[in-house]
Amino acid sequence: QNLDMDSIIADVESGLRRLDNDNERAEVRAVIQEQLNNVTRQSTFWSSKEDMILKSLKYDDSIRICRADKGNAVVIMNATEYEHKVKTLLSDDTTYSVIDRDPANVIIECLHRKLQPLMHNGKLNKEEKLALKPRTCKTP
């Protein structure tokens, strides 16, 4: 699925201009950014040969292919080393804690509550509201 991110961002910003409150604009941006981050995008800077190589590596259980923290890069790690690093990070209870339920639905409901009055006040039309409302949740 190829998405024109520039067009999506421009459309969102155009709709957000109708909002008077900076906090509301920031909240809507944050939710939309989260949804866009969850969308898998085809990389435009790889050649088809590199794409083919990465796709073939995807089925190798001894490695993990991940996005780098910064930049448009791919990191290939030994699976055992990767899992050890993840477990080490997640075991830090000063940074992470176990949650009882998935917060995604609460966030979507919050966004819905923010968008509904905007639609009733004429600042958003139905099509814009539907474009801004997430259709699926994907918990990491």
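Residue positions within a chain follow its written sequence, with the count starting from 1. Where totals are concerned, whole chains, interfaces and linings use all residues; where local detail is concerned, this predicted model gives features only for residues with pLDDT of at least 70, and gives and counts side-chain atom pairs only at 80 or more. The basis for every side-chain value is the complete set of heavy atoms in the structure, and neither hydrogens nor water enter the calculation.

Chemist: Any chance you could break down the overall build of the protein for me, citing the residues and the numbers?
Modeler: Summing up its helical and strand segments, the protein has six helices and two strands in all. Sequence-ordered secondary structure for the protein, helices as α and strands as β, is α-α-α-β-β-α-α-α. By the burial criterion, 18% of the 140 residues in the protein qualify as buried. Whether two residues are in contact is decided by their heavy atoms: any pair within 4.5 Å suffices. Within the protein, residue pairs in contact and separated by at least 24 positions form 38% of the contacts whose partners lie at least 6 positions apart. Here a strand is any run of E in DSSP of at least two residues, a helix any run of H or I of at least four, and the numbering for each starts at the N terminus. Residue exposure (1.4 Å probe, protein chains only): buried if accessible area is under 20% of the type maximum, exposed if over 50%, otherwise partly exposed.

Chemist: Go over the pattern of salt bridges with me, naming the residues and quoting the values.
Modeler: A pair is scored as a salt bridge if a Lys or Arg side-chain nitrogen falls within 4 Å of a carboxyl oxygen belonging to Asp or Glu. For the structure shown, the criterion picks out seven salt bridges. Two residues, Lys-114 and Glu-27, come together in a salt bridge whose shortest N-O distance is 3.2 Å. One end of the pair, Lys-114, is in helix α5 (residues 104-120); the other, Glu-27, is in helix α2 (residues 22-38), and 87 residues separate them in sequence. Exposure remark for Glu-27: the relative accessible area of 34% places this residue in the partly exposed category.

Chemist: Pulling in residues and values, what's your account of the environment of Lys-114?
Modeler: By relative accessible area, Lys-114 is classed as partly exposed at 28%. Polar contacts, as used here, are pairs of N or O atoms within 3.5 Å; protein pairs need one atom able to donate a hydrogen and one able to accept it. Residues neighboring in sequence count only if both atoms are side-chain atoms. Within polar-contact distance, the side chain of Lys-114 engages the side chain of Glu-27 at 3.2 Å.

Chemist: Quick rundown of the nonpolar core? Include the residues and the values.
Modeler: Residues grouped as a nonpolar core are buried Ala, Val, Leu, Ile, Met, Phe, Trp, Tyr and Cys residues, joined through side-chain atoms within 4.5 Å. With 12 residues, the main nonpolar core is built from Val-12, Leu-16, Leu-19, Val-28, Val-31, Ile-32, Leu-36, Leu-111, Leu-115, Leu-118, Leu-124 and Leu-132. Mapped by element, the contributors of at least two residues to this core are α1 (5-16), α2 and α5. Broken down by element, the residue count for this core peaks at four residues, all from α2.

Chemist: Got a sec to walk through the confidence of the model for the protein? Specific residues and values, please.
Modeler: The predicted model of the protein has a mean per-residue pLDDT of 80, with 86% of residues at 70 or higher. pLDDT is a residue-level measure of predictor confidence that goes from 0 to 100. Put simply, α1 is where the protein has its lowest mean pLDDT, 77, and helix α4 (residues 79-90) is where it has its highest, 91.

Chemist: How would you sum up the side chain of Lys-129? Please name residues and give values.
Modeler: Inspection of the secondary structure puts Lys-129 in helix α6 (residues 126-132). By the counting rule applied here, Lys and Arg register as positive and Asp and Glu as negative, while His and the ends of each chain are not counted. There is no salt bridge for the buried Lys-129, and the closest opposite charge comes from Glu-109, which lies 9.0 Å off by N-O distance.

Chemist: Give me the lowdown on α5, citing residues and values where you can.
Modeler: Since one α-helical turn is 3.6 residues long, residues separated by three or four positions face the same way. Expected span of a helix: the number of residues minus one, times 1.5 Å. Look at α5: 25 Å from first C-alpha to last across 17 residues, which is about the 24 Å you get at 1.5 Å a residue. Of the positions making up α5, those classed as buried are Ala-104, Ile-108, Leu-111, Leu-115 and Leu-118. Looking straight down α5, one finds its buried side chains confined to an arc of 80°; they lie on one side. With respect to the buried face of α5, the exposed residues turned more than 90 degrees away are Asn-105, Arg-113 and His-120. The positive-phi residue at the C-terminal boundary of α5 is Gly-122, with phi of around 80°. What the arc describes is the spread of directions from the helix axis to the C-beta atoms.

Chemist: With reference to specific residues and values, describe α4.
Modeler: Taking 1.5 Å per residue as the helical rise, α4 with its 12 residues ought to reach 16 Å, and the 16 Å between its terminal C-alpha atoms agrees with that figure. Among the residues of α4, the N-terminal cap falls to Asn-78, whose side-chain oxygen and the backbone nitrogen of Thr-80 are separated by 2.9 Å.

Chemist: Residues and numbers for the environment of Leu-111, please.
Modeler: Relative to the assigned elements, Leu-111 resides in helix α5. Residue classification places Leu-111 among the buried positions, given a relative accessible area of 3%. A sequence separation of 87 residues divides Leu-111 from Glu-24, and the C-alpha atoms of the two residues are 9.5 Å apart. Not counting residues within four places of it along the chain, the set of residues in contact with Leu-111 comprises Val-28, Val-31, Leu-132, Lys-133 and Pro-134.

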